[in-house]
Amino acid sequence: MFVNNSDRLPGILGEFAAGLVLDAIIKRARHQFAGANPPPEIRLKAIWTGAILVPAGLLIYGFTLAYHVFWFAPLFGMGLACFGLQVIATTCYTYSIDSYRAESSETSQLFNLIRQEFGMTYAFYVVKLCQKIGYQWAFFLFTIFNVLAFIPMVMLMFKGREWREKLGPPRNVNALDADYEGTAETDKLGEERKLEES
């Protein structure tokens, strides 16, 4: 029972921890911005926890499995990786929603599609890869992929706002945007709202 649930408890704890950290970061940032909403890139500060824990957990898991270490060690490694992964996922999810609030449902759908596509294809090949090159090297490879995937996150921390402003607000994202020809106003959060014609 514990083996089958080794990723659930750390995932739940990671979600909870990410929420607390994100709330604290935003609360502190609002003081710096005189009560106004800070730019979404402020949220990305919470990702560092996961950026450290996921590679560490993957390495612990792969090497302890390969060398047949006591069963608790690989479970601890996987738990550490799952905790960190949930922190990263929660941070990325809130960042993407905060960046495009008016398109939050479309943003969340795209985020989940990409996440599930990677997760699904990875699961098909991971066991064969581990059997072919060894668990330690397979998870070392996954650690390298994880570190490389973190590079765009660091770039977003420093350039995200500039890129968003350069690209402008998304247009024709959903059917309502494509068909609407009326005027729009911007609310206090910077989101566009359609004005009803009387």
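For the structure itself, look to the data block above.
Residues numbered from 1 in each chain as written. Predicted model: local features only at pLDDT ≥ 70, side-chain atom pairs only at ≥ 80, totals over all residues. Heavy atoms only, no water.

Caption draft 1: Summary view of the pattern of salt bridges. Per the stated rule, a full pass over the model turns up five salt bridges. Across the pair D98 and R43 runs a salt bridge, and its minimum N-O distance is 3.1 Å. Here the residue D98 occupies a position in helix α3 (residues 72-99), and R43 occupies one in the loop between α1 (8-32) and α2 (47-66), the gap between them amounting to 55 residues. The buried category is assigned to R43, whose relative accessible area is 16%. Of the charged contacts, one joins E162 and K159 as a salt bridge, the two residues approaching to 3.5 Å between their closest N and O atoms. One end of the pair is E162 and the other is K159, both in helix α5 (residues 135-167) and three residues apart, which spans about a single turn. (Salt bridge = Lys/Arg side-chain N within 4 Å of Asp/Glu carboxyl O. Helix = DSSP H or I, 4+ residues; strand = E, 2+ residues; numbered from the N terminus. Buried < 20%, exposed > 50% of the residue type's maximum accessible area, 1.4 Å probe, protein only.)

Caption draft 2: The packing of α2 against α5, seen in detail. Taken N-terminus to C-terminus, the directions of α2 and α5 make an angle of 170 degrees; their axes are 8 Å apart at the nearest point. Taken together, the axes of α2 and α5 are roughly antiparallel relative to one another. Among the residues forming the contact of α2 with α5, the class breakdown is 21 nonpolar, four polar and no charged. (Axes fitted to C-alpha atoms, helices over the stretch in contact; angles between N-to-C directions. Parallel < 35°, antiparallel > 145°, perpendicular 65-115°, else oblique. Nonpolar A, V, L, I, M, F, W, Y, C, P; charged D, E, K, R; others polar.)

Caption draft 3: Inspection of a nonpolar patch on the surface at higher detail. A contiguous nonpolar patch, built from I133, W137, F140, I144, F145, L148, I151, M155 and W163 and spanning about 840 Å² of accessible area, is present on the exposed surface. With eight residues, α5 is the largest single contributor of residues to the nonpolar patch. Tracing the backbone shows M155 in helix α5. For M155, a relative accessible area of 41% puts it in the partly exposed group. (Patch = residues over 30% accessible without salt bridge, like charges linked within 9 Å, V, L, I, M, F, W, Y side chains within 5 Å. Areas by Shrake-Rupley, 256 points an atom, 1.4 Å probe, with all protein chains shown as cover.)

Caption draft 4: Highlighting the side chain of T143. With respect to the helices, strands and loops of the structure, T143 is situated in helix α5. Once residues within four sequence positions are removed from consideration, T143 is found in contact with P55, L58 and L59. (Contact = heavy atoms within 4.5 Å.)

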